[in-house]
Amino acid sequence: MSRYHEDVDEMADAYEMGDGEDDMDEELRGRGMGDSDSEDEEYGQSNYRVTDTTSAQARKGKDIQGIPWHSLSITRKQYRQTRLEQYKNYENVQNSGEASEKECKSTEKGGMYYEFWRNTRAVKSTILHFQLRNLVWATSKHDVYLMSNYSVLHWSALSCQKSEIMNVSGHVAPSEKHPGSLLEGFSQTQVSTLAVKDKLLVAGGFQGELICKYLDREGISFCCRTTYEDNAITNAVEIYNSPSGAVHFMASNNDCGVRDFDMEKFQLCKHFPFPWPVNHTSLSPNGKLLVIVGDNPEGVLVDSHTGKTVHELQGHIDFSFASAWHPDGFTFATGNQDKTCRVWDVRNLSKSVAALRGNLGAIRSIRFTSDGQFMAMAEPADFVHVFDVRSGYNKQQELDFFGEISGISFSPDTEALFVGVWDRTYGSLLQYNRRRNYSYLDSLL
């Protein structure tokens, strides 16, 4: 992956938003679209304060993000069209997005699998590296964890309250003693990626830092640095349970390594080197196979015990930053900067089963529901696509909003989908709830 830029606003403009601002962007910024970091400055020229939006308000016509289109000189439809025309997708391989288009299947839009429930502005989701978008995690339909600047926040969708779980702006050091743990800890950690599962939280940093905290314990449990190389960014973390029941996590790193840590013993137990920076790793449900993707158009499927390549994954044109396994253990998906998500079947890896295309740019995050019925893929901004897996990925619901996407997460029970939105004014957490058809209730009406 590319080295990060310290100025986050410059990063967004240079890599994602295109060159320069036209009159429309000036209008939106002047009216409160992305012009302020402070809630005290959100009135703007339109004297319109941006507030939370509920499902009841959205049904009455309020914009889900609270954007006051009625007071702007441009309509939502016009702004959407301009975004589609002007948004600049970041590519490591020139014109990869155009080249991949001919292989993509057409899908039927209009599905309604998840309904908008709430847009919460009390939690401002943020991004530090434009290529890394795994910063939102739900551990239940009520509990969400996300990065907001230097803070890891917990948001309760039940009580609508937020709390700070960890602050890494200052000095962070482990309160427990384990072999290999850096007792001196870290200072001013810039968190590049996050993972939360059950009671374990792991934050990865730009200098190879790994900070582990159990949510039911005071303090930090474990700190280590994966490498001291200059290009040491921790690109992704995946937490899983081993066949013995022990909690493990895998860290994908820019130094071309994948490392497996046993959190029962608090120690590194595997280290697999690759010829290119690893941007994301996913472990199969049975624990036997790993999908490895990174700064190489070809991903690899490897043996999780030996690290040896089982099969190369040929089809993508650019670098990949996302992967996920379907719960059936036979199919998995990879997301690429060529604007596609490819679905693969381990029983025939000669080519991908399907190539699914986004609207604006790279597919930077992929999630399956635990029941395997839906797959969500997130673009860098504005769109999350939810596919009906049982339709053969032929039907989808398109979630449409404005802003960079910091991460997506289904709740473990599949009842909720959370989307982190990063924007200077409209940064928030979007919640969608699974739509259910209760036919037995219809019969009573």
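Structural notes, computed from the coordinates.

About the cut-offs
- Residues numbered from 1 in each chain as written.
- Predicted model: local features only at pLDDT ≥ 70, side-chain atom pairs only at ≥ 80, totals over all residues.
- Heavy atoms only, no water.
- Helix = DSSP H or I, 4+ residues; strand = E, 2+ residues; numbered from the N terminus.
- Buried < 20%, exposed > 50% of the residue type's maximum accessible area, 1.4 Å probe, protein only.
- Contact = heavy atoms within 4.5 Å.
- Pairing = 2+ DSSP bridges.
- Axes fitted to C-alpha atoms, helices over the stretch in contact; angles between N-to-C directions.
- Phe/Tyr/Trp six-rings, centres within 6.5 Å; stacked < 30°, edge-to-face > 60°.
- Lys NZ or Arg CZ within 6 Å of the ring centre and 35° of its normal.
- Salt bridge = Lys/Arg side-chain N within 4 Å of Asp/Glu carboxyl O.
- Core = buried A, V, L, I, M, F, W, Y, C linked by side-chain atoms within 4.5 Å.

### With respect to the side chain of Ser151
Then, number 1: Counting through the fold element by element, Ser151 comes out in strand S5 (residues 151-156).
Then, number 2: Its relative accessible area of 11% is what places Ser151 among the buried residues.
Then, number 3: The contact partners of Ser151, leaving out residues within four places of it in the chain, are Leu146, Glu164, Met166 and Asn167.

### Comments concerning the sheet that holds strand S3 (residues 136-138)
Then, number 1: Across the sheet, which stays open at both edges, the 4 strands sit in the order S3-S4-S5-S6 with antiparallel pairing between neighbours. Across the chains shown, the open sheet's two edge strands, defined by having one partner strand only, are S3 and strand S6 (161-167). Strand-to-strand twist of the sheet, defined as the mean angle between neighbouring strand axes without regard to direction, takes the value 25°.
Then, number 2: Judged from the 6 bridges that link them, S5 and S6 form a sheet pairing that is antiparallel. Along S6, the bridge assignment pairs Leu153 with Glu164.

### Some thoughts on the packing of aromatic side chains
Then, number 1: The full count for this structure, using the stated rule, is 14 aromatic pairs.
Then, number 2: With a centroid separation of 5.5 Å and 45° between ring planes, the pair formed by Tyr114 and Phe410 is classed as tilted. Of this pair, Tyr114 sits in strand S2 (residues 114-120) while Phe410 sits in strand S28 (residues 395-410); the two residues are 296 residues apart in sequence, bridging distant segments of the chain.
Then, number 3: Looking at Tyr114, the relative accessible area reads 0%, which means it is buried.
Then, number 4: Ring centres of Phe116 and Tyr432 lie 5.9 Å apart, and the angle between their planes is 75°; this geometry places the pair in the edge-to-face category. Residue Phe116 is found in strand S2, and its partner Tyr432 is found in strand S30 (residues 428-434); the two are separated by 316 residues along the sequence.
Then, number 5: Taking the relative accessible area as the measure of exposure, Phe116 reaches 14% and is therefore buried.
Then, number 6: Among the aromatic residues, those joined into a cluster by ring pairs are Tyr113, Tyr114, Phe374 and Phe410.
Then, number 7: The ring of Tyr214 is capped by Arg217, whose NZ or CZ atom sits 4.2 Å from the centre of that ring.

### Some words on the sheet that holds strand S20 (residues 309-313)
Then, number 1: Taken in spatial order, the 4 strands of this open sheet run S17-S18-S19-S20, and their pairing is antiparallel. This sheet does not close on itself; its edge strands, each paired only once, are strand S17 (278-283) and S20. The average undirected angle you get between the axes of adjacent strands in this sheet is 20°.
Then, number 2: With 4 bridges joining them, strand S19 (residues 296-303) and S20 adopt antiparallel strand pairing. Within S20, the position partnered with Val302 by the bridge is Thr309.

### A word on the pattern of salt bridges
Then, number 1: Under the defined criterion, the tally for this structure stands at 15 salt bridges.
Then, number 2: A salt bridge links Glu398 to Lys109; its shortest N-O distance comes to 2.9 Å. Of this pair, Glu398 sits in strand S28 while Lys109 sits in the loop between helix H5 (96-100) and S2, and the two are 289 residues apart along the sequence.
Then, number 3: Owing to a relative accessible area of 26%, Glu398 belongs among the partly exposed residues under this scheme.

### Things to note about the nonpolar core
Then, number 1: Grouped together as the largest cluster of nonpolar side chains are 34 residues, with contacts concentrated most on Leu194, Phe249 and Met263.
Then, number 2: Breaking this core down by element, the ones donating at least two residues are strand S4 (143-148), strand S9 (191-197), strand S10 (200-205), strand S11 (209-214), strand S12 (222-225), strand S13 (234-241) and strand S14 (247-253).
Then, number 3: Apart from residues no more than four positions distant in its own chain, Leu194 is found in contact with Asn134, Leu135, Trp137, Tyr145, Leu146, Met147, Val152, Leu201, Val202 and Ala203.
Then, number 4: Core analysis: the next-biggest nonpolar cluster, separate from the first, contains 19 residues, Phe374, Ala376, Ala378 and Leu430 among them.

### Considerations on the pairing of S13
Then, number 1: The buried count for S13 comes to 6 of 8 residues, which makes it a mostly enclosed element.
Then, number 2: Counting the residues between successive antiparallel strands, the hairpin from S13 to S14 contains 5 residues, one of them, Gly245, with a positive phi of roughly 100°.

### A short note on the environment of Gln190
Then, number 1: With respect to the element layout, Gln190 can be found in the loop between strand S8 (186-187) and S9.
Then, number 2: Placed 16 residues apart in sequence, Gln190 and Phe206 show a C-alpha to C-alpha distance of 5.8 Å.

### Let's talk about the side chain of Gln373
Then, number 1: Looking at where Gln373 falls in the secondary structure, it is placed in the loop between strand S25 (365-368) and strand S26 (374-378).
Then, number 2: Gln373 has contacts with Phe387, Asp388, Val389, Arg390 and Arg434, leaving out every residue within four places of it along the chain.

By themselves these figures say nothing about function.
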